[in-house]
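Breakdown of the fold
Below are the chains, spelled out letter by letter.
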Amino acid sequence: MNEVANKLECVFGEIARTRMAGVPILNPSLRVDAVGFREWEGKWIGVLVTPWTISLVLLPGQNAPLTPLTLDKKQVWHFPSGAYEFMGLNEPEIGTCHMCSLISPVTEFASHEEAVAVAQDVIIELFSAQTSNDELGTRIDDARLKGEAISQQTLSRRDFLRMPFLGG
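Nothing here was measured: the structure is a model prediction, and the numbers come from that model.

Turning our eyes to something else, we now look at the overall build of the protein chain. Helix and strand content of the protein chain: four helices and six strands. The N-to-C order of helical and strand elements in the protein chain reads α-β-β-β-β-β-β-α-α-α. Counting every position in the protein chain, which comprises 168 residues, the buried fraction comes to 41%. Residue pairs at least 24 apart in sequence account for 55% of intrachain contacts in the protein chain once pairs closer than 6 positions are excluded. Here the protein chain has roughly 9700 Å² of accessible surface; of this, 53% comes from carbon and sulfur atoms.

The strands making up a sheet are joined through hydrogen bonds of the backbone, oriented either antiparallel or parallel. Read from one edge of the open sheet, six strands run 1-2-3-6-5-4, paired in antiparallel fashion. At either margin of the open sheet sits one strand with a lone partner, and together these are strand 1 (33-40) and strand 4 (74-79). Pairs of neighbouring strands in the sheet enclose a mean axial angle of 30°, with direction left out of account. As judged from the six bridges shared by strand 1 and strand 2 (residues 43-49), these two strands associate in the antiparallel manner. Bridge pairing links A34 to L48 in strand 2. Of the strands in this sheet, strand 1, strand 2, strand 3 (54-59), strand 5 (82-91) and strand 6 (95-103) are in contact with helix 1 (residues 3-17), which crosses strand 1 at around 145°. Sheet contacts for helix 2 (residues 112-126): strand 1, strand 2, strand 3, strand 4, strand 5 and strand 6; angle to strand 2, the most-contacted strand, approximately 150°.

The subject of this paragraph is the nonpolar core. Within the largest apolar cluster, 21 residues are counted, with the highest numbers of intra-cluster contacts made by I45, V47, I54, L58, W77, F79 and F86. Secondary structure elements with two or more residues in this core: strand 1, strand 2, strand 3, strand 4 and helix 2. Here this core takes five residues from helix 2, the largest share from any one element. Contact partners of I45, with chain neighbours within four places excluded, come to G36, F37, R38, W40, V57, L58, F79, F86, I123, L126 and F127. Residues V11, A34, F37 and W52 belong to the second largest nonpolar core, which totals 18 residues.

Looking at the secondary structure, you find E91 in strand 5. Side-chain polar atoms of E91 contact the side chain of R19, separated by 2.8 Å. Once you skip the residues sitting within four places of it in the chain, E91 turns out to touch V11, I15 and R19.

Each regular strand carries side chains that alternate between the two faces of the sheet. Burial within strand 2 is extensive, with seven of its seven residues counted as buried. Linking strand 1 to strand 2, which pair antiparallel, is a turn of two residues; within it E41 sits at a positive phi near 50°. Relative to strand 3, strand 2 runs antiparallel, the two sharing six bridges. Following the sheet pairing, L48 is matched in strand 3 by S55. Counted between consecutive antiparallel strands, the loop separating strand 2 from strand 3 contains four residues.

Rules used in this analysis
Residues numbered from 1 in each chain as written. Predicted model: local features only at pLDDT ≥ 70, side-chain atom pairs only at ≥ 80, totals over all residues. Heavy atoms only, no water. Helix = DSSP H or I, 4+ residues; strand = E, 2+ residues; numbered from the N terminus. Buried < 20%, exposed > 50% of the residue type's maximum accessible area, 1.4 Å probe, protein only. Contact = heavy atoms within 4.5 Å. Areas by Shrake-Rupley, 256 points an atom, 1.4 Å probe, with all protein chains shown as cover. Pairing = 2+ DSSP bridges. Axes fitted to C-alpha atoms, helices over the stretch in contact; angles between N-to-C directions. Core = buried A, V, L, I, M, F, W, Y, C linked by side-chain atoms within 4.5 Å. Polar contact = N/O pair within 3.5 Å; in protein donor to acceptor, adjacent residues only side chain to side chain.

This is the structure we're talking about:
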C-alpha cells in the first residue's frame, strides 16, 4: 500500500473510533480501507471504504495541490467514465481532499470483503471509457421494439446501474 492510502486509513480509522463512534448508520461488518489508490494527473485517486460510506477520494499530489472547497462549493472532476461532483474536506492530518460519496449508508453490505469488491469495481469503472446514456437508451429501446428481453442485451455493470434512470 502506498503512503497516501496508509495515511488516509489512519486518519479515517481514528474518525471511526472517535467522531463516528455510536452513530446508528455504521455497519459493524466494515472497517476503514483505502482501495485502488493510484496517481492521476499528478494527484491521488481511489475509493475509501468506511463503516458509514463508500466514497471516491481525490488527494493532492506533491506538485498538484487541490483547491480547498467551502461547504457550499463543489468541484466537478472528469474521468474516462464521466464527470463526478466532489465536495471538499479539510482534515488537519491529511490536508485538503475532495470526496464523492458513492454509497451511504453502507448498511446493506454483509461483509467487508463485499464492500471492498465493490470499491475495486468502482476504481476499474472510473477509468473505463463511458458508454453514453443516449447509446444505452437506444439499445434498450431497440430491444423493447424487437420484443427482446433487456436481459438478453449485453450490459456492463455501469449500464445496468443506469437503467432505472432511463426508465428501464
